[in-house]
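Secondary and tertiary structure notes
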Amino acid sequence: MSSAFAGSSAAVGAPRAAGPVAAVYREALHLHTRWVEEQWDDASGAYRGGEFRFISVLGNAVLLGMDDYDAGLAGVDAATLRARTVATIKRFAATNRLAGGNEWGRLLFWDSTFELYFVLAARLMWADLDAATRANVQRIAEGQAAYAYELNTQDDPLSAGFTPNGTAGGWKGDSKLTAMGAYAQALVPGTVWTADPESAESWRERFLFWASNASALPVADRANPAVVDGDRIDQRTTAHNIHDSFIVESGGSVSPDHQAELWRTAGRGAIHFLVAGQPVPEILTRQPSGEQLWRTLRLLASDAGEPVMPMATDRYHLYGRDVLPLAFLAQVAGDRDAARAEADLAERLVPYVRHEPEFRLVKFGAEESEEPVARAEVAVAYLFHRLRKTPVAPVSKQEFFRSAAGTRDFGRDVGLTVHQSPAAFAAAVTKAEFARFLWQPGHDNWLVDARVPAFLPAGAHPTERWTRAYSKNRDGVDATATVLAVSGGYAGFTTLPTGTVVYASTGLPGEGNLALFTMAMPGVPGLTGRRTFTFDGGRAELDDEFTGSIAFSPRKARYVRMLGREPATKFGYSIYTFEVLDVRGADLAQGAMPTASSEDVWYPARHTTDGNPLTRWTVAAEERGRADSWLAVDLGLAVRVAGVRIHWEAAYAKRFVIQTSIDGLTWTDAAAVPETRAARRWVGIDGRAGVVTHGGKGKITVTAAGISAPAPLIEGYAGSRRDLAAAATRALPAAEGLSVSDADGYLSLFNLAPDPVRDVTVRLPSRSRLYRGMQVATGKGLEWEVSLKGSTARVEPPRFTVEGAAPAGTRFEVHDSHHVTVTAPRDHRVRITLRCGSWSAGVRLASGRSRRFTVPGGPVTPTADLARGRTTFPTSPLPEGMTSPGRAVDGDPATSWRPGPAGRMVVDLGTVTRVRRVDLTWGTGHRRPHRIEASQDGLTYGALGARARYVAVVVDGWRPGDAELVELALT
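Since the structure is predicted, the reported quantities are computational estimates derived from the model, not experimental observations. (Residues numbered from 1 in each chain as written. Predicted model: local features only at pLDDT ≥ 70, side-chain atom pairs only at ≥ 80, totals over all residues. Heavy atoms only, no water.)

Turning next to the overall build of the protein chain. From N to C terminus, the protein chain includes 21 helices and 50 strands. Expected size for 971 residues packed as a compact globule is a radius of gyration near 30 Å; at 31 Å, the protein chain falls within 12% of this value. Each principal axis of the C-alpha distribution contributes one length, and for the protein chain these read about 100 × 85 × 45 Å. Per-residue burial over the protein chain gives 59% buried out of 971 residues. (Helix = DSSP H or I, 4+ residues; strand = E, 2+ residues; numbered from the N terminus. Rg over C-alpha atoms; globule rule 2.2 N^0.38 Å. Buried < 20%, exposed > 50% of the residue type's maximum accessible area, 1.4 Å probe, protein only.)

With that out of the way, let us pick up the pairing of strand S26 (residues 682–685). Covered by surrounding structure in S26 are Trp 682 and Gly 684 together with Val 683 and Ile 685, the residues of both alternating faces. Examined bridge by bridge, strand S16 (residues 530–535) and S26 share three bridges and lie antiparallel to one another. Along S26, the bridge assignment pairs Phe 533 with Ile 685. Here S26 pairs with strand S27 (residues 689–694) via four bridges, running antiparallel. By the bridge assignment for S27, Ile 685 is matched with Ala 689. (Pairing = 2+ DSSP bridges.)

Across all of its chains, the model carries 59 salt bridges by this definition. As a salt-bridge pair, Arg 321 and Glu 370 come within 2.4 Å of each other at their nearest N and O atoms. In this pair, Arg 321 sits in helix H16 (residues 319–332) while Glu 370 sits in helix H18 (residues 370–387), placing the two residues 49 residues apart along the sequence. Accessibility expressed as a relative area gives 7% for Arg 321, which makes it buried. In this structure Glu 370 comes out as buried when scored by relative accessible area, which is 6%. The residue Arg 677 makes a salt bridge to Glu 675 at a minimum N-O spacing of 2.9 Å. By relative accessible area, Arg 677 is classed as partly exposed at 33%. (Salt bridge = Lys/Arg side-chain N within 4 Å of Asp/Glu carboxyl O.)

With 166 residues, the main nonpolar core has Tyr 25, Leu 58, Phe 118, Phe 207, Trp 263, Phe 384 and Leu 416 as its most contacted residues. The element best represented in this core is H18, accounting for eleven residues. Not counting the four nearest positions on each side in its chain, Phe 207 is found in contact with Ala 184, Leu 187, Val 188, Pro 281, Ile 283 and Leu 284. Counting residues in each nonpolar core, the second largest holds 37 residues, with Ala 491, Leu 508, Ala 689 and Ile 714 among its members. (Core = buried A, V, L, I, M, F, W, Y, C linked by side-chain atoms within 4.5 Å. Contact = heavy atoms within 4.5 Å.)

Glycine aside, the phi torsion of most residues is negative, and most peptide linkages are trans. Note the cis peptide between Phe 109 and Trp 110, where omega equals 0 degrees. The topology assignment puts Trp 110 in the loop between helix H4 (78–94) and helix H5 (111–124). For the bond running from Phe 873 to Pro 874, omega is 0 degrees, close enough to zero to count as cis. Following the sequence through the fold, Pro 874 ends up in the loop between strand S44 (871–873) and strand S45 (904–914). Notably, His 317 is not glycine yet its phi reads approximately 60 degrees, a positive angle. Examined against the element boundaries, His 317 turns out to sit in the loop between helix H15 (290–299) and H16. A residue is classified by how much of its surface remains accessible, and His 317, at 2% relative accessible area, is buried. Although it is not a glycine, Ser 487 sits at a positive phi angle of roughly 50 degrees.

We now examine the packing of helix H1 (residues 20–37) against helix H2 (residues 57–64). With their axes 10 Å apart at the nearest point, H1 and H2 run at an angle of 130 degrees to one another. Regarding the angle of H1 to H2, the classification is oblique. Of the two elements, H1 crosses H2, and the hand of that crossing is left-handed. Along its contact with H1, which presents Arg 26, Leu 29, His 30, Thr 33 and Val 36, the element H2 presents Gly 59, Asn 60, Val 62 and Leu 63. Classifying every residue of the contact of H1 with H2 by side-chain character gives four nonpolar, four polar and one charged. (Axes fitted to C-alpha atoms, helices over the stretch in contact; angles between N-to-C directions. Parallel < 35°, antiparallel > 145°, perpendicular 65-115°, else oblique. Left-handed = near helix turned anticlockwise from the far one by under 90°. Nonpolar A, V, L, I, M, F, W, Y, C, P; charged D, E, K, R; others polar.)

As for its position among the elements, Ser 255 is in the loop between strand S6 (253–254) and helix H12 (256–259). By relative accessible area, which is 9% here, Ser 255 ends up buried. When near neighbours in sequence (up to four residues on either side) are disregarded, Ser 255 contacts Val 248, Glu 249 and Ser 250.

Before going further, it helps to spend a moment on the sheet that holds strand S42 (residues 839–845). One open sheet holds the four strands; their spatial order is S34-S38-S41-S42, and the pairing between them is antiparallel. Edge positions in the open sheet fall to strand S34 (769–770) and S42, since each of these has one partner strand only.

As a further point, take helix H7 (residues 177–186). Structural remark: α-helix, 3.6 residues per turn; residues separated by three or four positions point the same way. Among the ten residues of H7, ten are classified as buried, and the element is accordingly described as predominantly covered. Taken as a whole, H7 has its buried residues at Leu 177, Thr 178, Ala 179, Met 180, Gly 181, Ala 182, Tyr 183, Ala 184, Gln 185 and Ala 186.

On to a nonpolar patch on the surface, then. On the surface, Val 601, Trp 602 and Tyr 603 cluster together into a nonpolar patch covering about 400 Å² of accessible area. Locating Trp 602 in the fold gives a position in the loop between strand S20 (593–596) and strand S21 (617–618). (Patch = residues over 30% accessible without salt bridge, like charges linked within 9 Å, V, L, I, M, F, W, Y side chains within 5 Å. Areas by Shrake-Rupley, 256 points an atom, 1.4 Å probe, with all protein chains shown as cover.)

This next bit is on the environment of Val 760. Considering the arrangement of structural elements, one finds Val 760 in strand S33 (residues 757–764). Residue Val 760 is classed as buried on the basis of its relative accessible area, which comes to 12%.

Turning to the packing of aromatic side chains, a few remarks are in order. In total, this model carries 31 aromatic pairs according to the counting rule given. Through a chain of ring-to-ring contacts, three or more aromatic side chains come together here, namely Phe 52, Phe 54, Phe 92, Trp 104, Phe 114 and Phe 118. Over the ring of Trp 630 we find Arg 561, and its NZ or CZ is 5.7 Å from the ring centre. When the ring centre of Tyr 941 is taken as reference, the NZ or CZ atom of Arg 904 above it lies at 4.5 Å. (Phe/Tyr/Trp six-rings, centres within 6.5 Å; stacked < 30°, edge-to-face > 60°. Lys NZ or Arg CZ within 6 Å of the ring centre and 35° of its normal.)

Residues of the protein chain with pLDDT of at least 70 account for 98%, and the chain-wide mean is 94. This model gives residues 7–11 a pLDDT under 50, and the stretch forms eleven contacts once residues within four places in sequence are excluded. (pLDDT = per-residue confidence, 0-100.)

Turning our attention to the packing of H5 against helix H6 (residues 131–151). The interhelical angle for the contact between H5 and H6, taken along N-to-C directions, is 140 degrees, at an axis separation of 10 Å. Comparing the axis directions of H5 and H6 gives the class oblique. Between H5 and H6 the crossing geometry is left-handed. Along its contact with H5, which presents Ser 112, Glu 115, Phe 118, Val 119, Ala 122 and Arg 123, the element H6 presents Val 137, Gln 138, Ile 140, Ala 141 and Gln 144. Counted by class, the contact of H5 with H6 contains six nonpolar, three polar and two charged residues.

Spelled out as structure tokens, the structure:
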């Protein structure tokens, strides 16, 4: 891996064409330096220590090493920045506990992270540091490694509440991946920079242990003899830190940010090795289960490089913190999909930095300590590009989402079912405390606000849940279906391979809403400060009144106030700046003394008119649940006012009223926010998506910030190539006791009742699409029978299409994706054409006659094969000479598993299952002796019995040229 890099600290500042992404990081670091300079403290002669702001020195060091430092862009000349950086390093090197100070350091959580960046900054500025400071920096690097080593596998007593759980790890509720990553990274600076080879070797071995176990999944790893950094994975790993479905939790919720910590901690470590000119340890680029964890994140990917946060959303849109994992995966591990995501994120980074509050790398409710860390991580990402000989070229956006496409039910414990298609992202969260439906048409990270449930009522708390993920290689279609019992009724959600979603319900209060982003962020696609809606007979362009000006008819007033009607979050209301505008748009409120219904002691009302865009007012904690909190400004005397401009914090008002008064006692409404428009049955959003309703009497209401479409059946369409009016007026399939949609030709069927339905007739208006099972042509379409368990749903793809008019009474029995039997009615002959993909057949049947048709090739879906599409082991990295065992269960006869010298693969059936038969299909070549083993726990294997969860194929003495396993089928 190191051969792709320049490989020495001297190369950091050397002129080199680093590519467009590096140019973005360069600009962002320069702009962010303006925030850094606000942290300078003349009294201490250093950058402030609170919230570890002094870690900004790493970004400074990288900038100062550039051959094209831009003082105008940074807002400070190089000499001043250098002097302040050196002074800060000197001060905080001396105050670290490991160097004899008492201000910071030693704690594994999270001082060791700041030490990583601090030591790296010092190393980049080494020539500018005095001997005493160099010695202190060395004490920090070696002292932290020695401290982590001495702890062995015990908890850090200084970091109360944080633990890796010894060597066993943990994955349910709160993954130990991050904790073990912290132990590993703490050992890196000492390992890299010590002059003591014996200590370096000891620290390195302990580092390899923690890094190997961070993402460990023992059921996989104990079957994986792949050699990494000289040791076999199955002999090094002991922990279980991720779910068997390859996902990470934190605080009881799925946490993509904590999952990305695997590559964030790897990046923090790798940069020390690279700057020191040492090879990057293999374990950082060949982590156990790493490929599968990255695959999971791609299932959650958006068009902005940032994954969707499906449950807890407190880390949403923290762009500066999302850079490093992608930069590491792309530029160090060489992953071109990661390079695509990195480029997409970089495309938005500078507009994001320039957005209010300006010159920050993390916004929208981020903790203060995130800011200096984000600067350090963008700086490291820049170094990866500058140190690499040639930056990794990204795949196209289309190729990225084609590769990322798929579905996954992550299991009942996790409570997440995901569908990534080439056209959209969608998911259902079934875990009670986070329950929601998610939809991102076009993967657009700034269109539909995924922090708010799509269509499902906010705050829904399911008492029952059912979900299923369909996959193309098992079922013939990528789709998902979910039903939740909530609020005394039921709600269902299906996702289709076209990017369309379907919502059905028994009629729930507060349902049918879709929240939209409407802020203005020039340079980010779609964020123009307005949304354009099209509907039957109309078009409306609605401005973002939450970040723009709110105009009203001019009137005299001394007092102007914001009166809340509905907060958007559980945190009530919080405002950075409240401006009162005269008829020319000038602010009359700055310097005035505002009052409020309540205020937090740290965030008083006066902050809203103090002229500082970074200070804010927040309601008192005990008043957060109050909807009618208010903030009022006294202008001193009655003047002519014509509007307001409010700069909200993340705790904003979903609905509010602007009122004016002469005496502060009698108030008159001046403007109600948001402005609304009404539509019937369908509405298009910016030409990017559309919503169609069926049934119900409620009209669709739109505002710049959202859509309210209460209806028992809602279809959401991605993209602009939809005739929404036709979709809204078409005849729908109908069935007694079921809700049915045929959006895009796929049947979405919902049984929103506890009792099953059996052999119910579904009347299909189309004669051209055939679904699995029996259907009979009528004068108006087809009649198809279906049975469905209570509180469940089903997605059925069309298996065949019909050209020509089949006479009434024609029967079509679709057995599967490749077989259909056509029977002509007794009194009519049949003349039609059947099609399935590129296959077609003319059907010529005399009255009363039948014929079975077979589509050649495979695979046939749905399949009874228990192994098809299941997780296989070893996962990643693979042993030398072995191809992925997944190639034996993918249903593709053109792929095969090459056993290699290790000669063992395992398929995970997900649960303990009855296995009656094993069928092996081998390719050409000498067939080596093999045996079948089985296990219920994944650890102890024996002969295959009646029930098993894990089934292994063991091949003895395989050599190149021997037969490979084309298919493992279990029934």
